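# Descriptive structure summary
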Amino acid sequence: MLQAIGPGCDHIDLDGVIYPHFRGGLGQINAMRDSAQRQEPLMLINGQGNVLGRFVITQIEESQNTFLADGAPRKIEFRLSLERYGEE
């Protein structure tokens, strides 16, 4: 898994976990899918606050497990593939 980017790095794969009941709800993965469908460039910032540039989500994979009684997932694991957005 590539998370740190250096000069010339144009592709990043990120793994993550969403706990919808904790913060943000079930709409988080759908919001990512909407951004990917629109090919919307988004600013990528790492955990230390460093701006890595603008990237587009090119692929989203998800798995859901640990369900509530109503069938809603308590945990969503996902992987994003990102490509650097070329400024013109």
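Provided above is the structure to which this section pertains.
Computed from a prediction, not measured in an experiment: that's the story for all the values here.

With that settled, the discussion passes to the sheet that holds strand 3 (residues 51-67). Spatially, 4 strands are ordered 1-4-3-2 in an open sheet, and the strand pairing comes out antiparallel. In this open sheet, the two strands that pair with only one neighbour each are strand 1 (11-18) and strand 2 (42-45). Strand-to-strand, the axes of this sheet are offset by a mean angle of 40°, without reference to chain direction. Across 4 bridges, strand 2 lies against strand 3 in antiparallel orientation. The residue of strand 3 that forms the bridge with Met 43 is Arg 54. Along the sheet, helix 1 (residues 27-38) makes contact with strand 1, strand 2, strand 3 and strand 4 (73-84), crossing strand 3 at roughly 140°.

This next bit is on the pattern of salt bridges. Under the defined criterion, the tally for this structure stands at 5 salt bridges. Note that Arg 84 and Asp 10 form a salt bridge whose closest N and O atoms lie 3.6 Å from each other. Linking Arg 84 in strand 4 with Asp 10 in the segment before strand 1, this pair joins segments that are 74 residues apart in sequence. Here Asp 10 falls in the partly exposed class, since its relative accessible area comes to 42%. The residue Asp 15 makes a salt bridge to Arg 79 at a minimum N-O spacing of 2.7 Å. In this pair, Asp 15 sits in strand 1 while Arg 79 sits in strand 4, placing the two residues 64 residues apart along the sequence. Asp 15 gets classed as partly exposed once you look at its relative accessible area, which sits at 42%. Among the residues examined, Arg 79 registers a relative accessible area of 28% and is labelled partly exposed.

Cut-offs applied
- Residues numbered from 1 in each chain as written.
- Predicted model: local features only at pLDDT ≥ 70, side-chain atom pairs only at ≥ 80, totals over all residues.
- Heavy atoms only, no water.
- Pairing = 2+ DSSP bridges.
- Helix = DSSP H or I, 4+ residues; strand = E, 2+ residues; numbered from the N terminus.
- Axes fitted to C-alpha atoms, helices over the stretch in contact; angles between N-to-C directions.
- Contact = heavy atoms within 4.5 Å.
- Salt bridge = Lys/Arg side-chain N within 4 Å of Asp/Glu carboxyl O.
- Buried < 20%, exposed > 50% of the residue type's maximum accessible area, 1.4 Å probe, protein only.

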